[in-house]
Structures are given as C-alpha cells and as structure tokens.
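# Structural overview
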Amino acid sequence: MTTAGRVIAGVTAAGAVLSVSTAAISVVNAFTVPRLSRTTDSDIYDSIVVCVPARNEQEQLPLLIADLRAQRRCRDLRILILDDGSSDDTLAAAQAAAGDDARVSIVESRAEPPSGWTGKAAACRTLAGLAFEMNDHLDAIVFVDADVRLAQDAIAAAASALRGHDAALVCPWPKQISGSVVEHLVQPLLGFSWMSTLPIRLANGSLRPSTTVSCGQFMMFDAAAYRDIGGHESVAASVTEDLDIARTLRRSGRRTILVSGAGLVECRMYDGVNDLRAGYSRWLWNAFGGTGGSIGVLSAVSVMYLLPPVAALVGSGSVRRWGRIGYGAAVVSRFAAAQAEYSNMPGRSTDVLRCAVESSAQPLSVAIYIWLTIDSHRSHARGNLRWKQRPLIAEDQSPAVEGLS
C-alpha cells in the first residue's frame, strides 16, 4: 500500500471509530434522556407567566394562543403576547384568538430593537419587564416561540420538571416537525447534534457551561434566577441567546436541565427551503465560536459522516470495511436520536419507517448542513444577515412599547 493509501485507510478508520462512538452515545440517550411527564394529576400553584414574542406570525400565533388557553392544572397562569412590529395582521389575529380570556394580555411594539440587541432578545426583555410588573411574586417565567404547539399538560409538566430537578431553567426539547424534503433531511440534525455527543443525564448534572444544551423554542426559568442574571440583557447581542443564557446561569452556579418534550411539545421551525436557509444563515456562522471552530467541526463531521460512505462505495479491502462500519454507525446514531424525539408520539409506527429512510440519507444531510454553514459565514462576512425583515443585530435604535390590552 502506498503512503497515500495508508493515510486514507487511517483517516477512514478514525472516522469510523468516531462514528461508532457517537452511535453509542445516541443509543444510551435514546433510553435514558429525561422526558416531560404527564403521569401526575397534581395541580401547579406556582405563579407562571408565559411570554410569546411574535413578529409576522398571523397564521401560527392563534394556534399557540389556543394551546395556551387550553392548558390544564396551572392554577395561576398568565399569557403575555408581544406583537413585535409585525407588518402583517399578527395583532388582530392574536386579539381574535385571545377573545375575552382575562388571562391573556397583548402588547404591541412598533419600535426597532436598541443598538447592539438582536430582535428576539429585545422582545424577550420587554416581555419579561411586563411580566414582573404584573406580578412582584412571580415564580416562573416561560418563553415560547409562536410556531410551537403545546399539549394541554405541557406547561404544568415543565413546571413539575423545573421544581423536581431544583433547576433554574428547564428546556423541553420539542419534536421537530418537517414538511419539505430538505426539512426532513436537515431538521433532525438539531436533536442529533446533542444526542450523539453528550450523555444528557450526565450533562444535566453538570454546571460546566460547555455541557449545556438548550432550545429557545420553549424555555421555563425560575423567575428569581432569571432576574438575578439580568435576564436577556446578559445575552443582548447573541444570535444563539438560548444557549448563552443557559451558560450564564451555569456560570452563576445554577442548574439547567434539558428534557425531551416528545408527546407534549412540537415545532415546525421553517417552512420550505428558502425559510430554512434564512433561518440557519442567521446563526450558524457563530455556532462553533467563529471561523476556526467551524473549520474544525466541519472537518470532523466530514471525516465521520462523508468519508466512510464514499470509502464503502469506492474503496477496497480494509478501507471499504471501515467505510461500511462508519456509515452503518452513522445510520444507527441518527436513527436512535430520531426515535428519542418520536417517543410518546402518536402514530409512531409510521415515523419509524420514515426515520429509517432519513437516517440512511445521513451523508446527504451532513453535506447540506456543511453548505448551510458556509453560506452563513459568507452572508455574515458580507454584512447582509437579516431575520424577520430586519437586520440581525440592531443599530442605534430605542425600544418603545405601545400599550397593554
């Protein structure tokens, strides 16, 4: 074997071994990841305010408001909606969905975020300020994205998890709903990214910021802990504010917990290819600490998930064997991660077949993810990153809230 051949064989073997390691972690997590539970019928007496930042969400927001109004077992629940400068009929849709429910308050803001803030962080800060004004003795504050769907026991189950784990933050990971082919290929990688790299029970027991996993689609904070770290002011300019606020809590010595929300929480983040591309472009450039981190991570995933299937197809001898092992392990890893998301979901038998097909396409999924990361870096370098029809990070503006209804 030539020197080049030995190098290729060695790199392929290394990629296969790493892929097997991630498969082992995924399988362990599939059986052990903590989950939101609806087994208890006990009422929740904590004072809870659910905050929903919404910008151009006239179709999705009424569905979430209906879900929130239907929540059970929460004896002291308030719902606070912020129409964050929408250009569509989000405000009217929210008002119609709220009806005469006295628990629902709707705020309209026409101002842009202040300088140095992302739109979401600024909206969450506004909502938090209003929530604490409503209740000086607030026990828990919740942030839920407008495109999230909730079962009737979701808020109560999250509150039980927050107190049961004595945590400052609990993040129920939503089942990620996909529509288009590209969504089916890419969206499962969100859960796969942590399912295949971190034993979650160990990560939940750690205070190390590097082992933090969180999801901004649904975050329930202990209100005192949230206030003590300065709330969203601590992550004003972060494009990954959900992860960074969890890390801030851990640096302050407080626990953050990730649980599976399967069966109780679901979300379709993006609708189609263009929406997905715009969504990932706004944050992937910063996901791994900058250009150097991205190069390192993309190189590693290429060795783990792209090289083995190529070796299995065109290699020979030990290179082909290692390629087959690596590709097979990647499929197992992806499948185990997906099944953890689908657990407790109705119609699971159909999802098993779909997960098997999607898992076999892991190399294609990774290739698309690499392209999205490069595209995000390119957009960031050009300074044209936008989200919801506004610059990702605002320049020299002042916030203003119009009113409370």
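The present account deals with the structure reproduced in this document. (Residues numbered from 1 in each chain as written. Predicted model: local features only at pLDDT ≥ 70, side-chain atom pairs only at ≥ 80, totals over all residues. Heavy atoms only, no water.)

### Side note on the pairing of strand E1 (residues 44-54)
- Burial within E1 is extensive, with ten of its eleven residues counted as buried.
- Here E1 runs beside strand E4 (residues 140-144); their pairing, made up of four bridges, is parallel. Looking at E4, one finds that Ile 48 is bridged to Ala 140. (Buried < 20%, exposed > 50% of the residue type's maximum accessible area, 1.4 Å probe, protein only. Helix = DSSP H or I, 4+ residues; strand = E, 2+ residues; numbered from the N terminus. Pairing = 2+ DSSP bridges.)

### Some thoughts on the side chain of Gln 71
- Within the secondary structure, Gln 71 sits in the loop between helix H2 (61-69) and strand E2 (74-84).
- A polar contact of 3.0 Å, which involves the side chain of Gln 71, links it to the backbone oxygen of Asp 67.
- Not counting chain neighbours up to four residues away, the residues in contact with Gln 71 comprise Leu 77, Leu 150, Ala 151, Gln 152, Asp 153, Ala 154 and Ile 155. (Polar contact = N/O pair within 3.5 Å; in protein donor to acceptor, adjacent residues only side chain to side chain. Contact = heavy atoms within 4.5 Å.)

### With respect to the pattern of salt bridges
- In total, this model carries 21 salt bridges according to the counting rule given.
- We note a salt bridge from Asp 244 to Arg 247, for which the minimum N-O separation is 3.6 Å. Of the two residues, Asp 244 and Arg 247 both sit in helix H10 (residues 241-251), three residues apart, roughly one turn of that helix.
- By relative accessible area, Arg 247 is classed as partly exposed at 25%.
- Arg 268 is the salt-bridge partner of Asp 271, the closest N and O atoms lying 3.1 Å from each other.
- Taking relative accessible area as the criterion, Asp 271 reaches 55% and is therefore assigned exposed.
- What you see here is one network of salt bridges that share partners, running through Asp 46, Arg 163 and Asp 222. (Salt bridge = Lys/Arg side-chain N within 4 Å of Asp/Glu carboxyl O.)

### Points about the state of the cysteines
- A full pass over the atoms with the stated rule returns zero disulfides.
- Its sulfur unpaired, Cys 171 is 6.9 Å from the next cysteine sulfur, which belongs to Cys 215.
- For Cys 267, which is in no disulfide, the shortest distance to another cysteine sulfur is to Cys 215 and amounts to 7.3 Å. (Disulfide = S-S within 2.5 Å.)

### Things to note about the sheet that holds strand E7 (residues 175-176)
- In space, the three strands of this open sheet follow the order E5-E10-E7, with mixed pairing throughout. The outermost strands of the open sheet, each flanked by one partner alone, are strand E5 (148-150) and E7.
- When E5 meets strand E10 (residues 265-267), the two strands line up antiparallel, connected through three bridges. Residue Arg 149 lies in a different strand from E10, and its bridge partner there is Glu 266.

### Brief notes about the nonpolar core
- Counting 112 residues, the largest nonpolar core has Ile 48, Ile 141, Ile 155 and Met 220 as its most contacted members.
- For this core, the element with the highest residue contribution is helix H5 (residues 154-164), accounting for eight residues.
- Apart from residues no more than four positions distant in its own chain, Ile 141 is found in contact with Val 49, Cys 51, Ala 128, Ala 131, Phe 132, Met 219, Met 220, Phe 221, Ala 223 and Tyr 226. (Core = buried A, V, L, I, M, F, W, Y, C linked by side-chain atoms within 4.5 Å.)

### As for helix H1 (residues 3-32)
- Across its 30 residues, H1 extends 44 Å between first and last C-alpha, which sits within 8% of the 44 Å expected from 1.5 Å per residue.
- Listing the buried residues of H1 in full gives Gly 5, Ala 9, Thr 12, Ala 13, Gly 15, Ala 16, Ser 19, Thr 22, Ala 23, Ser 26, Asn 29 and Ala 30. (Expected span 1.5 Å × (residues − 1).)

### Focus on the pairing of strand E9 (residues 256-260)
- Counting buried positions over the five residues of E9 gives five, a clear majority of the element.
- By the alternation rule, side chains of E9 split into Thr 256, Leu 258 and Ser 260 and Ile 257 and Val 259, which are all buried.
- In the sheet, strand E6 (residues 169-173) pairs with E9 via five bridges, with the strands oriented parallel. Bridged to Pro 172 within E9 is Val 259.

### Points about the layout of surface pockets
- By volume, the second largest pocket is sized at about 170 Å³.
- Taken together, eleven residues line the second largest pocket, and the ones lying closest to its centre are Gly 383, Asn 384, Leu 385, Leu 392 and Ile 393.
- Here the lining of the second largest pocket is built from residues that sort into five nonpolar, four polar and two charged. (1 Å grid on protein atoms, 1.4 Å probe; cavity = no way out; pocket = protein on both sides within 12 Å on 5 of 7 lines; lining within 4 Å. Points joined across faces, edges and corners; volume = space filled by probe spheres on them. Nonpolar A, V, L, I, M, F, W, Y, C, P; charged D, E, K, R; others polar.)

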